[in-house]
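Structure assessment
Listed below are the residues making up each chain.
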2 protein chains.
Amino acid sequence: MGWLRLVGEMDRFIVDGLRSVVENAHVVTDRAQMQSYLTDETAAAVRPKPASDLVLVRPANTQQVSAVLQLANKHNIAVFPRGGGTGLVGGAIPTQDGIILSLERLNGIEIDKENMMAIAEAGATLEKLTKTANEVGLFFPAHPGDENAQIGGLVATNAGGSRAVRYGVMRNQVKALEIVTPVGNILNLGRRLHKNNVGYDLTQLIIGSEGTLAVITKVTLRLYPKFGATATIILPFTNRNDAMSTVQKILKDAGTPLAMEYVERDLLEMTAKHLGEKWPVTIGDQYLIIIGAEASRDQLLPQSVRIREICQQNGGLEPFYVESQRDQDKILKIRSSIYLALKNETVDILDIAVPVSELVNVVDSVEEIAKRDKLFLPVFGHAADGNLHIHIMKREGDTADYVEALRNEIYRIAIDAGGVITGEHGIGKIRTAKLQTSLTKEEIALMTAIKRIFDPNNVLNPGTKIPV
Amino acid sequence: MGWLRLVGEMDRFIVDGLRSVVENAHVVTDRAQMQSYLTDETAAAVRPKPASDLVLVRPANTQQVSAVLQLANKHNIAVFPRGGGTGLVGGAIPTQDGIILSLERLNGIEIDKENMMAIAEAGATLEKLTKTANEVGLFFPAHPGDENAQIGGLVATNAGGSRAVRYGVMRNQVKALEIVTPVGNILNLGRRLHKNNVGYDLTQLIIGSEGTLAVITKVTLRLYPKFGATATIILPFTNRNDAMSTVQKILKDAGTPLAMEYVERDLLEMTAKHLGEKWPVTIGDQYLIIIGAEASRDQLLPQSVRIREICQQNGGLEPFYVESQRDQDKILKIRSSIYLALKNETVDILDIAVPVSELVNVVDSVEEIAKRDKLFLPVFGHAADGNLHIHIMKREGDTADYVEALRNEIYRIAIDAGGVITGEHGIGKIRTAKLQTSLTKEEIALMTAIKRIFDPNNVLNPGTKIPV
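Description of the structure in this document.

1. Observations concerning the overall build of chain A
- A tally of helices and strands in chain A yields 15 helices and 18 strands.
- Computed over its C-alpha atoms, the radius of gyration of chain A comes to 23 Å, within 12% of the 23 Å expected for a compact globule of 468 residues.
- With the C-alpha coordinates of chain A rotated into their principal frame, the extents come out at 70 × 60 × 45 Å.
- Out of the 468 residues belonging to chain A, those deemed buried represent 61%.
- For chain A, restricting intrachain contacts to residue pairs at least 6 apart in sequence, the fraction spanning at least 24 positions comes to 73%.
- Entry remark: accessible area of chain A is about 17,400 Å², with carbon and sulfur atoms responsible for 49%.
- Between the averaged position of the 51 positive side-chain charges in chain A and that of its 55 negative side-chain charges there is a distance of 2 Å.

Below is the structure:
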């Protein structure tokens, strides 16, 4: 039918309804104009297909979001809330005919300097938040790789990233939420407070619910003082066991760094090459990349010295210490680009989390599988959080059944180690069938009952997070 | 009827059922033997009365807890879970005929040193947890005043305390829970992990639900490295505005101390006298009591110097700096005993939380009420959290209606300042009628619906937290 797809009768009724609520220019029915809203960063091989009969709506404010949801709920139309589209599990992909609800126009950010909080609308990007906070001498810690992520999405997915070591994940930063429930109620949960024991904590329930319980329209976030000094320290090791046991020792005896990543040499060299750069460390095969950040250089140096000592007491080689911002950025860029370097050849990115004490056994087990099946199975991740990303790579002849068996085998390793199948990427639309690996049927039943309370007609992001 | 109260027919049936599950010695029907289980720390004037027809049961393990709940649920008998009884809002008081479920025999603690976590049974005391962690060089931060509090109760009430400044409240420490739902299902929520995005976060929903959604039987808690050096710094001020604005400046420019309390001179002197001690500072009328805690004295000193500078730049007098543990303990003891010094003359302790920027206005407004009504209305609290405790004191001739009007007036001040009626003490049984001051009817409806999912027959701690 080409891009000028005819809209069906029902659609026309809904589209007219949407146009009575949101300005014409922001109710889009032309498929060509909504291409970038139909997908996300999920690997192509496992990415869900968008539905064919979709309307894109870009409300200007919370009242319009409420009106859209009331309309959708009344007529039983699916609504897919959408942030930056940086998710890796298809959570934002509109897989049923219905409405794509983009929050991009709600993008204001207000900084409350006195209380060190940011009040960000859902569609503001992480980049804008980071920058706006920075301009007034404050710091927002949560940092998943892609700064195009939007605040609403970060909260909906309880995003993590490398800086969770010291500051925790999004869940730990959110003090209040403005949400719109699927039936259209606008609720203000929480306050600009550090302590609040009124009622059940609905704020925490919404965080990480992946857009299935409510549309997040505004978020109050805790900010922190900016650092006076930072340094990146690369600890090189010649065996994995030494590297992993060093993680625990640093956490116990050297204060809490901002980030502590585990990456192996081959992956860093490959990524550097992909970027046209050179990985600067010439010794060691396994690396801990540590970011230290303190109020002043005087406070940072003793920590760095202690980290060096611990490294060398645990079989590590001479650490590579970098203070200049330019050199730190270069290292961080290589670390952050692993995903990009692998992306085109990736079939699926797994995101297991295990207790820190189990890291070495888990990575060893994954390596054994790689050897057994003669696979390139790159593993890296947030060592201090026990959160590992494992890329299943394309290989000619590997069937979908083979990939599924491999995925299940790795999940089994994580679960047997006391872990779960997702530390930060979430369940989205591609892992709902795996929920039962980490949750009992009683837990899933409680969750579906909660979903029904918020969303009796199951209009909001259906097929995501839990089986409803 | 004296203490040998006759048990009714229904009771006898339930008691027999309980005795088939829990050892005879731990199914208590003798009122005299259950006296200490009938009350908590709530001020006598507002404390709910315990029901007359009660059975105390002390299960030995989670399976027995499950069996007790199954029995209760089947026969529609109210169950009142009980920890250390240190609550201030009647949350643990058994106000309907039914079963008192004491968790005291589930009191084991296991430390996972490698992952820096404690796995504590619900009935273990905070004192035991603190000591056990300490013995292996680790630190548990949450610290409400009374160390007889039990871990299950701390989680159920999302306890706070003075050290929330740096580490947050209980909510931020809990990684996993073993719970028994009111229908008797044993669920293991969460894992020994820092990142976990599987399903809705039921762990967070249970935290702070005040024993109305499930009985907590076991808790996995994050521990931290022990400090190498601590100091207590008392900043004296001659006006409240300077003291309060200093709170924000320290948080912004001097790192995050372990605790930062606001107390006025008269209250400290009165408490010291009550203890037979002497408040050691002779200058100033308003005080910030700050506890600094760092890995080493080298790291602590620059922070202390910076705090002194900020104090003096903001109109403060010369700080009183204490490093010896004995002197620090003495100051902390006086601060922690304010509650005890006031206790016998207290009608009700309010526990408002407001944005930090509003503290000075809120305390000024409370002082105006005290002047207007010629009242002694002591105010003190966790300044960095915006959490204030206000004692309404006994006075001859004050009616219950007067106290209620006063309470409402103070609540109104907090709410108008963007705050809530409880920062850490919770709602319990004495504040449910006030929920509507801080929550909309839509929010309360969602909460009651969630309660019904977990507890269809409303057997668990009825009359607590939310109106069901």
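2. Topic: the packing of helix H12 (residues 359–372) of chain A against helix H13 (residues 400–416) of chain A
Residue and element names in this part refer to chain A.
- As a packed pair, H12 and H13 sit with axes 10 Å apart at the nearest point and diverge in direction by 155 degrees. When the interaxial angle is binned, H12 and H13 end up roughly antiparallel. The two elements H12 and H13 cross, and the hand of that crossing is right-handed. Together, Val 362, Ser 365, Val 366, Ile 369 and Arg 372 of H12 and Leu 406, Glu 409, Ile 410 and Ile 413 of H13 make up the contact between the two elements.
- When grouped by side-chain class, the residues that make up the contact of H12 with H13 number six nonpolar, one polar and two charged.

3. Thoughts on the interface of chain B and chain A
- Facing the 78 residues of chain B at the interface are 77 residues of chain A.
- Taking both partners together, chain B and chain A bury about 6,300 Å²; carbon and sulfur atoms supply 62% of that area.
- Taken as a group, B:Lys195, B:Asn197 and B:Tyr200 account for 17% of the area that chain B buries against chain A, more than any other trio of residues on that side.
- At the junction of chain B with chain A, the criterion picks out six salt bridges.

4. Section: the relation of the copies chain B and chain A
- Once turned by 180 degrees and shifted 0.0 Å along the axis, chain B lies on chain A with an RMSD of 0.0 Å. In symmetry terms, the pair is related by a two-fold rotation axis.

5. Considering the side chain of A:Asn387
- Along the chain, A:Asn387 turns up in strand S18 (residues 387–393).
- Since its relative accessible area comes to 0%, A:Asn387 is described here as buried.
- With residues near it in sequence (within four places) discarded, A:Asn387 still touches A:Asp351, A:Ile352, A:Ala353, A:Phe380, A:Gly381, A:His382, A:Gly423, A:Glu424 and B:Lys195.

6. Details of the pairing of strand S12 (residues 229–237) of chain B
Residue and element names in this part refer to chain B.
- Most of S12 sits out of view: eight of its nine residues are buried.
- Pairing of S12 with strand S14 (residues 286–294), which is carried by nine bridges, proceeds in the antiparallel orientation. Within S14, the residue paired with Leu 235 across the bridge is Leu 288.

7. A short note on the pairing of strand S4 (residues 98–102) of chain B
Residues and elements named next belong to chain B.
- Burial runs high along S4: five of the five residues are buried.
- In this structure, strand S2 (residues 54–57) lies alongside S4, joined through four bridges in parallel fashion. What sits directly across from Leu 54, in S4, is Gly 98.
- Both strand S3 (residues 78–82) and S4 contribute to a ladder of five bridges, which runs parallel. Its bridge partner lying in S4, Pro 81 is registered against Leu 101.

8. Some points on the nonpolar core
- Core analysis: the largest hydrophobic core is formed by 186 residues, its most contacted members being A:Leu377 and B:Leu377.
- Residue contacts for A:Leu377: discarding those within four places in its chain leaves A:Val366, A:Ile369, A:Ala370, A:Ile390, A:His391, A:Ile392, A:Leu406 and A:Ile410.

9. Thoughts on the sheet that holds strand S8 (residues 174–180) of chain A
Residue and element names in this part refer to chain A.
- Strand order in the open sheet formed by five strands is S5-S6-S10-S8-S9, with antiparallel pairing between adjacent strands. Unpaired on one side and paired on the other, strand S5 (109–112) and strand S9 (186–190) mark the two borders of the sheet. Put simply, the sheet's adjacent strands are angled 15 degrees from each other on average, direction ignored.
- Taken together, the four bridges between S5 and strand S6 (residues 117–121) define a ladder with antiparallel strand orientation.

10. What about the packing of aromatic side chains?
- Enumeration according to the criterion identifies 10 aromatic pairs over all chains in this entry.
- Between A:Phe139 and A:Tyr167 the ring centres are 5.8 Å apart and the planes differ by 55 degrees, which places this aromatic pair in the tilted class. Separated by 28 residues along the polypeptide, A:Phe139 in strand S7 (residues 138–139) and A:Tyr167 in helix H5 (residues 164–167) bring together distant segments of the chain.
- Both rings, one in B:Tyr167 and one in B:Phe227, keep their centres 6.5 Å apart while their planes meet at 50 degrees; by these two values the pair is tilted. Of this pair, B:Tyr167 sits in helix H5 (residues 164–167) while B:Phe227 is found in the loop between strand S11 (224–225) and S12, placing the two residues 60 residues apart along the sequence.
- Among the aromatic residues, ring-to-ring pairing joins A:Phe139, A:Tyr167, A:Tyr224 and A:Phe227 into one connected group.

11. Quick notes on the sheet that holds strand S2 (residues 54–57) of chain A
Residues and elements named next belong to chain A.
- Pairing is mixed across the open sheet formed by four strands, whose spatial order is S1-S2-S4-S3. In this open sheet, the two edge strands, each paired with only one partner strand, are strand S1 (27–28) and strand S3 (78–82).
- Here helix H2 (residues 62–74) sits on the sheet and contacts S2, S3 and strand S4 (98–102); the angle it forms with S4, its principal contact strand, is near 165 degrees.

12. Quick word on the packing of helix H7 (residues 240–253) of chain B against helix H12 (residues 359–372) of chain B
Residues and elements named next belong to chain B.
- Viewed as axis vectors pointing N to C, H7 and H12 meet at an angle of 150 degrees, and their least axial separation amounts to 9 Å. Considered as vectors, H7 and H12 are oriented roughly antiparallel to each other. In terms of crossing hand, the pair formed by H7 and H12 is right-handed. Contacts between H7 and H12 involve Arg 240, Asn 241 and Met 244 on the former and, on the latter, Leu 359, Val 360, Val 363, Asp 364 and Glu 367.
- Of the residues in the contact of H7 with H12, the class split is four nonpolar, one polar and three charged.

13. Details of the pattern of salt bridges
- Within the structure shown, the criterion is met by 56 salt bridges over all chains.
- Residues A:Arg171 and B:Asp201 are paired through a salt bridge, measuring 3.2 Å at the closest nitrogen-oxygen approach. Of this pair, A:Arg171 sits in the loop between H5 and S8 while B:Asp201 sits in the loop between strand S9 (186–190) and helix H6 (202–206), on two different chains.
- Taking relative accessible area as the criterion, B:Asp201 reaches 16% and is therefore assigned buried.
- The residue B:Asp373 makes a salt bridge to B:Arg372 at a minimum N-O spacing of 2.8 Å.

Analysis parameters
- Residues numbered from 1 in each chain as written.
- Chains lettered and ligands numbered in written order.
- Predicted model: local features only at pLDDT ≥ 70, side-chain atom pairs only at ≥ 80, totals over all residues.
- Heavy atoms only, no water.
- Helix = DSSP H or I, 4+ residues; strand = E, 2+ residues; numbered from the N terminus.
- Rg over C-alpha atoms; globule rule 2.2 N^0.38 Å.
- Buried < 20%, exposed > 50% of the residue type's maximum accessible area, 1.4 Å probe, protein only.
- Contact = heavy atoms within 4.5 Å.
- Areas by Shrake-Rupley, 256 points an atom, 1.4 Å probe, with all protein chains shown as cover.
- Lys, Arg positive; Asp, Glu negative; His and termini not counted.
- Charge placed at Lys NZ, Arg CZ, Asp CG, Glu CD.
- Axes fitted to C-alpha atoms, helices over the stretch in contact; angles between N-to-C directions.
- Parallel < 35°, antiparallel > 145°, perpendicular 65-115°, else oblique.
- Left-handed = near helix turned anticlockwise from the far one by under 90°.
- Nonpolar A, V, L, I, M, F, W, Y, C, P; charged D, E, K, R; others polar.
- Buried area = accessible area lost by both parts, 1.4 Å probe.
- Salt bridge = Lys/Arg side-chain N within 4 Å of Asp/Glu carboxyl O.
- Least-squares fit on C-alpha atoms with pLDDT ≥ 70 in both.
- Pairing = 2+ DSSP bridges.
- Core = buried A, V, L, I, M, F, W, Y, C linked by side-chain atoms within 4.5 Å.
- Phe/Tyr/Trp six-rings, centres within 6.5 Å; stacked < 30°, edge-to-face > 60°.

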